[in-house]
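Notes for the structure review
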Amino acid sequence: MKLKNKIPVIDLFAGPGGLAEGFSSLIQDEQRVFNICLSIEKDADAHKTLELRSFCRQFPYGHLPREYYDALRESDLKKRDQKIQKLYMIYPNEGKKAKYEAWKAELGSKKYPPELVDERIIEALKGNKDWVLIGGPPCQAYSIVGRSRVGGIDNNDHRVYLYKEYLRIIAKHQPAVFVMENVQGLLSAKLNGQGIFNRILEDLEDPSKVFSNSQSKKYRIFSLVEPKVNKNSDYLIKAELFGIPQKRHRIILLGIRGDLDIIPGKLKRKEAISLESVIGNLPKIRSGLSRKFISSYLVNGRKKRIYKPVNDSSTLWENYVNSFKEEILSWNNLNNYGDKNLIKSPESGTGSEYLNYPCYFPDKHPLKSWYLDPNFTGVIHHKSRSHLVEDLSRYLFASIFTATEGRFPRLKDFEKHTSLMPDHENAKTGKFEDRFRVQLPYKPATTITSHISKDGHYFIHYDPNQCRTLTVREAARIQTFPDNYLFRGSQTAQYHQVGNAVPPYLAKQIGEIVFQVIKNI
């Protein structure tokens, strides 16, 4: 079947656009199958990312303008922002469409009432009835919705409207298909002894029960992995089973409007993708240095810590890590570690927002063409954080321990060496149990979460000679964002966006199933 018109898609709580990127990457007859006609996101940096990626979609697939690559090659964030603004001026029509599609708005807030949201949706759909809604309201809202069913809900809490607004849009505009994503914890969440997830399923199957003035059709809710749902966990998708280099487990619901007698397909399992196979070809970089712990003292029963700034340099970094390495290799069980050589600072230093470095994948790697852009040679967002000097010793110990033992160290392993223990009140509590986690190179990574924006202790690189945590680009590779995907904002904002996203390559596979549903209408 030849597609006459692109299928409209509206993306709510869009984040940096992981779902939209996957859907919009489906190509038929050299054209995109889906048209992301409206993306709604409240975060300023994520919205800028959405806007720029929408700009990219205004051009034929695989034919981005030269000036876009010029912006990618800019290492200075302020100058990059200037080049992006210039990009919108050089291509005003594409820029105007992108600014319309990517809408910075907070759903459920007084500033953006339902009437205004409905108006934008109607404008974007242009009369199309068979369209797709994607996205997922923040998980905090579910406990509030559950509370409303058992009484005691605080209607002054704006978060109550997040899930309700998502459901209201389904009831009001009746998409042919919706895809809703959320965290695994939703399955076990309870309020006053009642499961929240079953309440949500009931709402989605018949939105008119919640909105009594609605004439909404009913929906059938499908699992994307099981042909028949016997238990709630059948809605759980384990991303590592479907070609994602990450053990990311999420609830993803596929809803099909009740008047459509269509049974959707299921995701097809793929070979596991190891972490090393997707980040091992990136340029080697070292961690940066920020400050050094001096001492601490008690103030009103709480510790006050004193730090000293450290001037970052490759020589000083080498001195620190090699002194740490000498000590670590003297400890029992680690003196058999194979690499006894001195650690040298990599040529790329701590990395940069842009590095002119060609990345090669083996021809048989299943994600080679997904990551690489033949028109772009280089790596963006590959700059290491600056770390506390004492954390370098912990990263080095953890990575050497992991290389030797095949697992990352736990609290008891750190306790054997008092110099490694942080000067924290909770250092010996359960909160510390797996705080310093090394990602194993021969397996899919653990889940990339938004917490990576705060610190990288859970995401330590497996290579002791780099002695650092993962960069934004490495996290983006794990999340399967293409290498030419630019995240706007500071490094912290970039991490936050990557951690909150749906893996685009998984979204593409879901999009393929949705496409078949729409074709059968």
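To be clear, the structure that these remarks concern was listed above.
All of the points below concern the structure found in this document.

Conventions and cut-offs
- Residues numbered from 1 in each chain as written.
- Predicted model: local features only at pLDDT ≥ 70, side-chain atom pairs only at ≥ 80, totals over all residues.
- Heavy atoms only, no water.
- Helix = DSSP H or I, 4+ residues; strand = E, 2+ residues; numbered from the N terminus.
- Rg over C-alpha atoms; globule rule 2.2 N^0.38 Å.
- Buried < 20%, exposed > 50% of the residue type's maximum accessible area, 1.4 Å probe, protein only.
- Areas by Shrake-Rupley, 256 points an atom, 1.4 Å probe, with all protein chains shown as cover.
- Lys, Arg positive; Asp, Glu negative; His and termini not counted.
- Charge placed at Lys NZ, Arg CZ, Asp CG, Glu CD.
- Pairing = 2+ DSSP bridges.
- Axes fitted to C-alpha atoms, helices over the stretch in contact; angles between N-to-C directions.
- Contact = heavy atoms within 4.5 Å.
- Salt bridge = Lys/Arg side-chain N within 4 Å of Asp/Glu carboxyl O.
- Core = buried A, V, L, I, M, F, W, Y, C linked by side-chain atoms within 4.5 Å.
- Patch = residues over 30% accessible without salt bridge, like charges linked within 9 Å, V, L, I, M, F, W, Y side chains within 5 Å.
- Phe/Tyr/Trp six-rings, centres within 6.5 Å; stacked < 30°, edge-to-face > 60°.
- Lys NZ or Arg CZ within 6 Å of the ring centre and 35° of its normal.
- Expected span 1.5 Å × (residues − 1).
- Polar contact = N/O pair within 3.5 Å; in protein donor to acceptor, adjacent residues only side chain to side chain.

Let us look at the overall build of the protein chain. From N to C terminus, the protein chain includes 17 helices and 19 strands. A globule of 521 residues ought to have a C-alpha radius of gyration of about 24 Å, and the protein chain, at 24 Å, matches this closely. Principal-axis analysis of the C-alpha atoms places the extent of the protein chain at approximately 70 × 55 × 45 Å. A burial count over the protein chain gives 55% of its 521 residues as buried. Total accessible area on the protein chain stands at roughly 23,700 Å², and carbon and sulfur atoms take up 47% of it. Each charge sign in the protein chain was given a centre, from 80 positive and 59 negative side chains, and these centres are 1 Å apart.

Our next topic: the sheet that holds strand S15 (residues 302–309). Ordered in space as S15-S14-S18, the three strands form an open sheet in which the pairing is mixed. Every other strand in the sheet has two partners, leaving S15 and strand S18 (386–388) as the edge strands with one partner each. With direction set aside, neighbouring strand axes in the sheet form an average angle of 35 degrees. Inspection of the sheet shows strand S14 (residues 288–299) paired to S18 by three bridges, in the parallel sense. Along S18, the bridge assignment pairs Leu289 with His387. Contacting S14 and S18, helix H13 (residues 389–405) runs over the sheet at an angle of about 90 degrees to S18.

The next thing to look at is the pattern of salt bridges. This model, assessed by the stated rule, comprises 26 salt bridges. Through salt bridges with shared partners, one network takes in Arg66, Glu67, Asp70 and Arg73.

This brings us to helix H16 (residues 491–500). Turning to H16, its buried residues are Ala493, Gln494, Tyr495, Gln497, Val498 and Gly499. Of the surrounding secondary structure, the elements contacted by the buried residues of H16 are helix H2 (44–57), helix H4 (77–90), strand S16 (351–355), strand S17 (379–383) and helix H15 (472–478).

Ranked by size, the top nonpolar core spans 93 residues in total, and within it Phe23, Phe34, Val132, Leu267, Leu506, Ile510 and Val514 carry the most contacts. In terms of residue count, the dominant contributor to this core is helix H17 (residues 504–519) (nine residues). With near-sequence residues (within four places) excluded, Phe34 lies in contact with Lys6, Ile7, Val9, Phe23, Leu26, Val132, Gly511, Val514 and Phe515.

Taken together, the side chains of Ile294, Tyr297, Val299 and Ile306 make up a nonpolar region of the molecular surface, amounting to roughly 340 Å² of accessible area. You can see Tyr297 is positioned in strand S14.

Attention now goes to the packing of aromatic side chains. In total, this model carries 24 aromatic pairs according to the counting rule given. Taking the centre distance of 6.2 Å and the plane angle of 55 degrees together, the rings of Tyr395 and Phe436 count as tilted. Taken together, the residues span a long stretch of sequence, with Tyr395 in helix H13 and Phe436 in the loop between helix H14 (411–415) and strand S19 (445–446) at a distance of 41 residues. As far as burial versus exposure is concerned, Tyr395 and Phe436 are alike and both buried. Through pairs of rings, three or more aromatic residues link up here, namely Trp331, Tyr395, Phe397, Phe401, Phe414 and Phe436. Looking at Arg120, its charged tip hangs above the ring of Tyr100, at a distance of 4.4 Å from the centre. Taking NZ or CZ as reference, Arg385 lies 4.0 Å from the ring centre of Tyr495, over its face.

Turning next to H2. In a regular helix each residue adds 1.5 Å, so 14 residues correspond to 20 Å; H2 covers 20 Å between its end C-alpha atoms and thus fits that length. Burial analysis of H2 places eleven of its 14 residues in the buried class, which makes it a mostly covered element. Its side-chain oxygen 3.2 Å from the backbone nitrogen of Asp45, Asp43 forms the N-cap of H2.

Attention now moves to the side chain of Ser24. Note on placement: Ser24 falls in helix H1 (residues 18–24). A relative accessible area of 2% places Ser24 in the buried class.

With that settled, the discussion passes to the pairing of S14. The sheet contact formed by S14 and S15 spans eight bridges and is antiparallel. Bridging from a neighbouring strand, Arg291 pairs with Pro309 of S15. Linking S14 back to S15 in an antiparallel pair, the connection comprises two residues, with Asn300 at a positive phi of about 55 degrees.

Time to look at the pairing of strand S13 (residues 249–257). Most of S13 is tucked away: nine of the nine residues are buried. Going residue by residue along S13, you find His249, Ile251, Leu253, Gly255 and Arg257 tucked away on one face and Arg250, Ile252, Leu254 and Ile256 tucked away on the opposite face as well. Here seven bridges tie strand S7 (residues 177–183) to S13, and the two strands are oriented antiparallel to one another. Bridge assignment links Glu181 to a residue of S13, and that residue is Ile252. Sheet topology note: the strand S10 (residues 219–222)/S13 ladder contains four bridges and is antiparallel. Directly across from Arg220, in S13, lies its bridge partner Ile256. For strand S11 (residues 236–238) and S13, the ladder comprises three bridges, and the chain directions are antiparallel. Looking at the pairing, Lys238 lines up with His249 of S13.

A word on the side chain of Ser384. Position of Ser384 among the secondary structure elements: in the loop between S17 and S18. The residues contacting Ser384, other than those within four sequence positions of it, are Ile285, Arg286, Ser287, Gly288, Thr350, Arg468, Thr471 and Gln491.

Another point: the environment of Thr404. With respect to the secondary-structure elements, Thr404 resides in helix H13. For Thr404 and Ala507, which are 103 residues apart along the polypeptide, the C-alpha to C-alpha distance reads 36 Å. The contact partners of Thr404, leaving out residues within four places of it in the chain, are Asn333, Leu334 and Tyr337. A distance of 2.9 Å separates a polar atom in the side chain of Thr404 from the backbone oxygen of Ile400.

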